[in-house]
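Chains, contacts and geometry: an overview
Below, each chain spelled out in residue letters.
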Amino acid sequence: MLINALPEEAAQQHCVQVVYDDIQDVTCIEVKLGDKRSLSIEHATMPSTVFLVFELTALHLLLELDSNVLRFWLNVLDLREIYIYFTEQQRDDILAMAAKLQKLGMSSGSLVLGVPATEAHELMLRFGLSDAVF
Amino acid sequence: MRILYVTNESPIFPSGGIGTYIGYMASAMAEAGHDVFLLTWTYQPQHATNNYWPFTAERTHICYLDSRQVNKIFPQGPYNYAVSAILSDAILKCAADWHIDVIESADFLAPCLTAFQRIQSSSLGKKILCSTFNHGFIEDYNDADQVASSVYTQNELTSERQQLRISDLVLTPSVSARSRLHQYGIKENIVVMREPYEFQVLSPCDQSRKSIQFLGRLSLSKGVDKLILLANLMHSVNGLDDLLFIGKEDRIPFGPEPRSYVLKRLLPQLRDRVHFKGEMPRQEALAQLRAGSFFPVLGTAETFSFACLEAIDRGLPPVVMSNTPMASFFPADIKEYLLDSNERDIRKWQRTLESIADNSATIVSRLQQYNQQELEPSRVAQKVGALYDTASKKKKRYSSLFSGRHVQGCEVSVLVAVTEVGNIQAVVDAMCAQTIKVQNMLICYEEGSIEASMLEYFRLRLPNCILIAQPLVGKPALYNRLLQEVRTKLCVLLDEFTIISPRFLEKTLQAYNGAISRPQVVLANQYKYGAKTGKIIRQFMGDHIHLLRNDMTLCALIETEAARSIGFDVTKRNGEDLAWAFWLAFHRSGYRHIWLPEFLINCFRHSVSEEGAAIGGHVMVREVLRRFDACHTKSEQFAMQALFARQRTE
């Protein structure tokens with residue numbers, strides 16, 4: 001359903017993968033650029049244990065094509081936050097994204113040192129929905 | 001890595017589960033090649049010890065506290081906040097002297113709250129990882145014990161949650177403990193990390209006994225009420241030969257003493273089969289446990305339970321509810337032996353108990369095998385070491401990316417809204433005394449509130465100060481006007497009663513520029529004069545207690561855009577607490593703050609709010625919550641209305 005909500009162009013370019021971590025009892029839905037698609041949320045039972053994680057350029061492209069998709073996904077998954085991972089070289093891009101998300105009603109991005117990013121090498125920021133208007 | 005543990009409970013001063021955890025964890029970390037250090041405190045003068053295991057004397061620092069001294073320094077309390085402030089010097093000194101990479105604090109009593117804030121508002125934030133292990137909040141135990149909390153206690157217990165909120169990492173030992181943190185709105189950077197336990201498999205479970213044994217505080221929070229229910233159920237089916245209670249007898253709020261509570265609720269025929277052993281040394285208590293006896297662990301405030309593991313190790317089948325931390329000791333293939341916490345038909349519990357009795361040998365054997373592997377100390381230490389290593393490196397990378405703000409004093413405006421003369425001259429004098437020159441100052445005042453001679457004084461002392469006269473519009477409108485006029489990135493909101501210390505701008509700006517977390521505001525401690533004189537060290541920002549009361553002022557170094565986006569309700573012009581609604585809206589907008597734990601703000605307000613102003617403040621709080629995410633559904637709005645109604649009766 002998440003893939004189906006994407007504009008055709010975005011659906012071609014985005015890859016959605018679901019990874020379940022049984023020790024932490026969390027499910028990561030990771031969205032990045034690519035053509036592989038597999039999506040099955042079997043283990044997630046509570047919104048607080050589902051993490052929607054975007055690779056920065058994938059989210060950038062998604063918002064360029066249709067900014068409503070993100071809102072739709074959050075509604076479908078009953079989530080109020082997203083995670084974005086990035087590299088040191090993308091510092092300015094992530095700050096620009098933070099400003100953009102703030103205009104869409106999300107927080108200004110806090111540092112992630114714990115789950116879902118403890119194992120990953122990437123740097124990551126967490127953005128929460130700041131009000132019900134989004 | 002060099003890890004400093006901060007806790008009042010350790011094998012040196014043992015008390016409960018936290019001390020047991022420190023013993024296992026620190027020794028396993030040391031065996032894994034890490035350098036482990038301890039900072040602890042005691043109220044017993046010259047509480048000497050020769051046994052520092054798992055630490056060494058050279059790597060242990062003991063702070064000797066005197067509660068009278070603590071109360072003398074911070075007479076208004078809250079006590080835990082005061083201890084945290086007092087310990088912070090020693091913690092930072094140890095961290096520096098021992099070149100510490102990671103500070104791991106217990107959540108209990110929040111000893112590192114102030115130290116963590118000092119680290120994160122200084123250059124130390126780049127070097128030290130601040131971690132808290134969640135052993136369980138006192139508030140959860142109070143709830144489970146069904147005891148009332150005073151306002152003082154409620155305020156005090158916010159400290160534990162605040163420490164978790166500012167920690168770089170929060171370690172919690174079970175998934176259900178994490179869920180409890182979520183209920184407090186603590187959701188970031190939490191990692192489930194099992195506590196270590198060295199299994200010895202001291203005894204198998206050869207046969208099931210018609211016996212219940214309990215080890216722990218005799219209290220509701222440890223599940224004594226549920227244990228009695230189970231005892232009655234078990235006896236009505238198979239009969240029970242005896243019940244043994246070992247542990248301190250705590251207060252149960254249903255009568256004068258716990259023993260009568262237990263006896264009164266047990267089946268009459270069971271009452272003479274009960275043995276109360278009271279508190280005894282741990283090894284002596286463990287020696288009382290008999291393989292095959294039922295061992296109920298039914299507390300609702302636990303995050304983990306060493307007692308449960310010690311019983312399993314000695315061949316006792318544990319009786320545990322689903323959706324509790326103890327349920328995580330059960331592997332998937334034997335979860336059917338958990339009592340269903342959502343079950344409403346107690347006959348099904350009876351059947352589960354019968355099933356446990358019939359299969360106790362298999363259950364205990366599987367539990368021993370599974371947990372021996374899962375909780376093996378070297379395995380846990382390896383995971384914690386890897387976690388701290390990754391997080392430390394990542395924090396340094398964030399630091400190199402995000403801590404280099406270079407905002408200067410010329411990009412700060414001081415905004416003063418004046419509706420009466422108050423201490424306005426001192427407010428202006430304080431600007432002139434700043435260690436960073438105030439280059440932008442705007443004073444918006446109601447006509448008639450400031451005499452012409454005083455306005456001349458302002459011009460004389462602060463030639464660049466912009467003075468804006470307004471009709472009688474009220475303070476919110478003055479602030480909004482100031483926020484419209486300001487052109488700098490940062491601002492400070494003041495009024496005629498708030499006098500900042502000479503280093504306010506220098507220190508808050510330094511913290512703003514250096515903080516890795518890129519906050520939108522830097523908050524500081526305040527000293528109140530007047531109706532409620534004293535040092536304010538409690539901090540409610542982001543906690544549910546902030547919905548009930550406020551003592552924050554508007555004074556802070558804040559990004560202008562953030563302040564402007566929140567703004568002020570111009571209809572509230574009768575002395576309502578503008579700061580309360582403002583900071584609630586700030587937090588709920590997703591903005592971040594850091595706290596600089598230094599007394600940089602002086603508030604002079606001699607009058608107590610009038611009744612109308614107080615209720616008006618509550619109305620504003622309700623409106624903030626309605627606007628923001630607390631009230632998604634009609635039922636939540638209904639609950640908010642009820643909370644408001646209750647507030648009005650206080």
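All of the points below concern the structure found in this document.

Description of the overall build of chain A
- For chain A, the helix and strand inventory stands at 4 helices and 6 strands.
- When its helices and strands are written in sequence order, chain A yields α-β-β-β-α-α-β-α-β-β.
- When burial is assessed residue by residue, chain A has 51% of its 134 residues classed as buried.
- Considering only contacts within chain A whose residues lie at least 6 apart along the sequence, 55% involve residues at least 24 apart.
- Carbon together with sulfur atoms contributes 49% to the accessible area of chain A, which is approximately 6100 Å² in total.

Comments concerning the packing of helix α3 (residues 79-97) of chain B against helix α6 (residues 151-166) of chain B
Residues and elements named next belong to chain B.
- Running from N to C, α3 and α6 point in directions that differ by 45°, and their axes come no closer than 7 Å. Judged on the interaxial angle alone, α6 and α3 are oblique. On the side of α3, the interface is formed by Tyr79, Asn80 and Tyr81, while α6 contributes Tyr152, Asn155, Glu156, Leu157, Thr158, Ser159 and Gln162.
- By residue class, the composition of the contact of α3 with α6 is 4 nonpolar, 5 polar and 1 charged.

Quick notes on the nonpolar core
- One finds Leu52, Leu59, Ile82 and Leu101 of chain A together with Tyr5, Leu243 and Tyr398 of chain B to be the most contacted residues of the largest nonpolar core, which totals 136 residues.
- In terms of residues, this core owes the most to one element, helix α14 (residues 377-402) of chain B, which gives 9 residues.
- Excluding its chain neighbours within four sequence positions, the residues that come into contact with Leu101 of chain A are Leu59, Leu63, Leu70, Ile82, Ile84, Met106 and Phe127 of chain A.
- Of all hydrophobic cores here, the second largest spans 41 residues; its members include Ala417, Leu442, Phe568 and Phe628 of chain B.

Points about the interface of chain B and chain A
- Each partner contributes to the interface: chain B provides 35 residues, whereas chain A provides 35 residues.
- The contact between chain B and chain A buries some 3000 Å² in all, and 52% of this surface belongs to carbon and sulfur atoms.
- Per-residue buried area on chain B facing chain A is highest for Arg397, Tyr398 and Leu401 of chain B; these three make up 21% of the total on that side.
- When the shortest N-O distance is used, the salt bridge between Glu88 of chain A and Arg397 of chain B registers 2.9 Å.
- Counting the contacts that link chain B with chain A gives 17 residue pairs in polar contact (both at pLDDT 80 or more).
- Sorting the residues of the side of chain B that touches chain A by element identifies α7 (175-183), β7 (190-192) and α14 of chain B as the ones contributing at least two each.
- Of the residues that constitute the side of chain B that touches chain A, the class distribution is 14 nonpolar, 8 polar and 13 charged.

Remarks on the pattern of salt bridges
- In total, this model carries 38 salt bridges over all chains according to the counting rule given.
- Across the pair Glu81 of chain A and Arg126 of chain A runs a salt bridge, and its minimum N-O distance is 2.5 Å. One end of the pair, Glu81 of chain A, is in strand β4 (residues 81-86); the other, Arg126 of chain A, is in strand β6 (residues 123-128), with 45 residues separating them in the sequence. Per residue, the accessibility class of Glu81 of chain A equals that of Arg126 of chain A, and both read buried.
- The shortest N-O distance in the salt bridge between Glu139 of chain B and Arg161 of chain B comes to 3.2 Å. Of this pair, Glu139 of chain B sits in helix α5 (residues 138-145) while Arg161 of chain B sits in helix α6; the two residues are 22 residues apart in sequence, bridging distant segments of the chain.

Comments concerning the sheet that holds strand β9 (residues 242-246) of chain B
Residue and element names in this part refer to chain B.
- The parallel open sheet is built from 3 strands, whose spatial order is β8-β9-β10. Two strands close off the open sheet at either side, each with one partner strand: β8 (211-215) and β10 (274-278). Pairwise comparison of adjacent strand axes, ignoring direction, gives a mean angle of 10° for this sheet.
- In this structure, β9 lies alongside β10, joined through 4 bridges in parallel fashion. Residue pairing for β10: Leu243 is matched across the bridge by Val274.
- Strands in contact with helix α8 (residues 224-237) are β8 and β9; relative to β8, the strand with the most contacts, it is inclined by about 175°.

Some thoughts on the packing of aromatic side chains
Residues and elements named next belong to chain B.
- Applying the stated rule across the entire model yields 25 aromatic pairs over all chains.
- With a centroid separation of 6.5 Å and an interplanar angle of 35°, the aromatic rings of Tyr43 and Tyr79 are classed as tilted. One end of the pair, Tyr43, is in the loop between β2 (35-42) and β3 (60-64); the other, Tyr79, is in helix α3, and 36 residues separate them in sequence.
- Three or more aromatic residues joined by ring pairs make a cluster, and in this case those are Tyr24, Tyr197, Phe199, Phe304, Phe306 and Phe329.
- For the cation-ring pair, Lys535 lies above Phe74, with the distance from its terminal atom to the ring centre recorded as 5.1 Å.

A look at α5 of chain B
Residues and elements named next belong to chain B.
- With 6 of 8 residues buried, α5 lies mostly within the body of the structure.
- Within α5 the residues assigned to the buried category are Glu139, Asp140, Tyr141, Asn142, Ala144 and Asp145.
- Residues of α5 that are buried make contact with α6 and α7.
- Two residues or fewer past α5, Gln146 is found with a positive phi of approximately 55°.

Quick look at helix α15 (residues 424-432) of chain B
- Three or more residues of α15 of chain B are buried, namely Ile424, Val427, Val428, Ala430 and Met431 of chain B. In a view along the axis of α15 of chain B, the buried residues occupy a sector of 155°, so they form one face of it.

The rules we used
Residues numbered from 1 in each chain as written. Chains lettered and ligands numbered in written order. Predicted model: local features only at pLDDT ≥ 70, side-chain atom pairs only at ≥ 80, totals over all residues. Heavy atoms only, no water. Helix = DSSP H or I, 4+ residues; strand = E, 2+ residues; numbered from the N terminus. Buried < 20%, exposed > 50% of the residue type's maximum accessible area, 1.4 Å probe, protein only. Contact = heavy atoms within 4.5 Å. Areas by Shrake-Rupley, 256 points an atom, 1.4 Å probe, with all protein chains shown as cover. Axes fitted to C-alpha atoms, helices over the stretch in contact; angles between N-to-C directions. Parallel < 35°, antiparallel > 145°, perpendicular 65-115°, else oblique. Nonpolar A, V, L, I, M, F, W, Y, C, P; charged D, E, K, R; others polar. Core = buried A, V, L, I, M, F, W, Y, C linked by side-chain atoms within 4.5 Å. Buried area = accessible area lost by both parts, 1.4 Å probe. Salt bridge = Lys/Arg side-chain N within 4 Å of Asp/Glu carboxyl O. Polar contact = N/O pair within 3.5 Å; in protein donor to acceptor, adjacent residues only side chain to side chain. Pairing = 2+ DSSP bridges. Phe/Tyr/Trp six-rings, centres within 6.5 Å; stacked < 30°, edge-to-face > 60°. Lys NZ or Arg CZ within 6 Å of the ring centre and 35° of its normal. Arc of directions from axis to C-beta.

By themselves, these observations are geometric and do not establish any function.
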